[in-house]
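Descriptive analysis of the structure
What follows is the residue order along each chain.
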Amino acid sequence: MSSGDAMLVQTTVARRFRNTPADCNACNMEELKRFSRKEIAERNTKQQAMFIIHNQVYDVTKFLDDHPGGHEVLLDVIGKDASTDFIDIGHSSDANDMMKKYHIGEVIDKDKITYQKAKAAWVDSERTGESANDSFLNSWKFPVVLGLLMTLLYTYIFG
Ligand code: HEM
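Owing to the predicted nature of the structure, the values given are computational and were not obtained by experimental measurement.

Looking at the pattern of salt bridges
Oppositely charged side chains may form a pair once their charged atoms are brought near each other. Under the counting rule described, the total for this entry stands at 9 salt bridges. For the salt bridge of Lys 100 with Asp 97, the shortest nitrogen-to-oxygen distance reads 3.3 Å. Taking relative accessible area as the criterion, Lys 100 reaches 31% and is therefore assigned partly exposed. Look at the salt bridges and you will find they share partners, linking Arg 34, Glu 106, Asp 109 and Lys 112 into a network.

Below, the structure written as structure tokens:
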């Protein structure tokens, strides 16, 4: 064990994953390393580059130069929680698979946070009364109903 590793508070949890892809770093580990957020904050150099995504810890030291999005973006988030950045980019399922290779552990329970799901960018306009009115005014139905009313009025007055 390196001195760097020895510094870590390594509360370890015996854990065996059900799915164990060949390239999955942590999947085949009997014991998953656990890190405090403070410990990850200290791993923020090119020599030791780690970040957190959804309470899971990734060591991307060897990935910095291979990341298709470039090393700068990763250097911006090392030592931090990169969940929002990772999601905002809209990474592909290939990228999500690739992550397993760099997964080395998880955040200790005390430091775990609950992440909000991204809000849907669109709103189902037919579910809200106000919006439903807007869509009626903007749809083809409005001029048709108006035309019918005008015809009825014309017939009533002049017919
Ligand atoms: C272990 C974690 C990560 C892996 C395995 C990974 C992998 C990838 C891969 C495979 C791509 C190519 C596009 C795709 O397939 O989606 C990509 C693009 C990119 N990634 Fe990551 N990524 C990781 C973390 C991050 C983080 C934390 C950020 C932001 C701080 C980031 C920012 C980007 C950007 C900006 C691109 C370029 C997107 C584009 O050109 O449209 N990545 N990444």
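Quick word on the nonpolar core
Core analysis: the largest hydrophobic core is formed by 14 residues, its most contacted members being Phe 51, Ile 53, Tyr 58 and Val 60. Secondary-structure elements contributing two or more residues to this core are β4 (48-53) and α3 (71-77). Residues contacting Ile 53, with those up to four places away along its chain left out, are Tyr 58, Ala 82, Ser 83, Phe 86 and Met 99. In this structure, Ile 40, Ile 52, Val 57 and Ile 104 belong to the second largest nonpolar core, which totals 7 residues.

Observations concerning the side chain of Ser 36
Among the secondary structure elements, Ser 36 is positioned in the loop between β2 (31-35) and α2 (37-42). Residues in contact with Ser 36, not counting those within four places in the same chain, are Ile 108 and Asp 111.

Cut-offs and rules
- Residues numbered from 1 in each chain as written.
- Predicted model: local features only at pLDDT ≥ 70, side-chain atom pairs only at ≥ 80, totals over all residues.
- Heavy atoms only, no water.
- Salt bridge = Lys/Arg side-chain N within 4 Å of Asp/Glu carboxyl O.
- Buried < 20%, exposed > 50% of the residue type's maximum accessible area, 1.4 Å probe, protein only.
- Core = buried A, V, L, I, M, F, W, Y, C linked by side-chain atoms within 4.5 Å.
- Helix = DSSP H or I, 4+ residues; strand = E, 2+ residues; numbered from the N terminus.
- Contact = heavy atoms within 4.5 Å.

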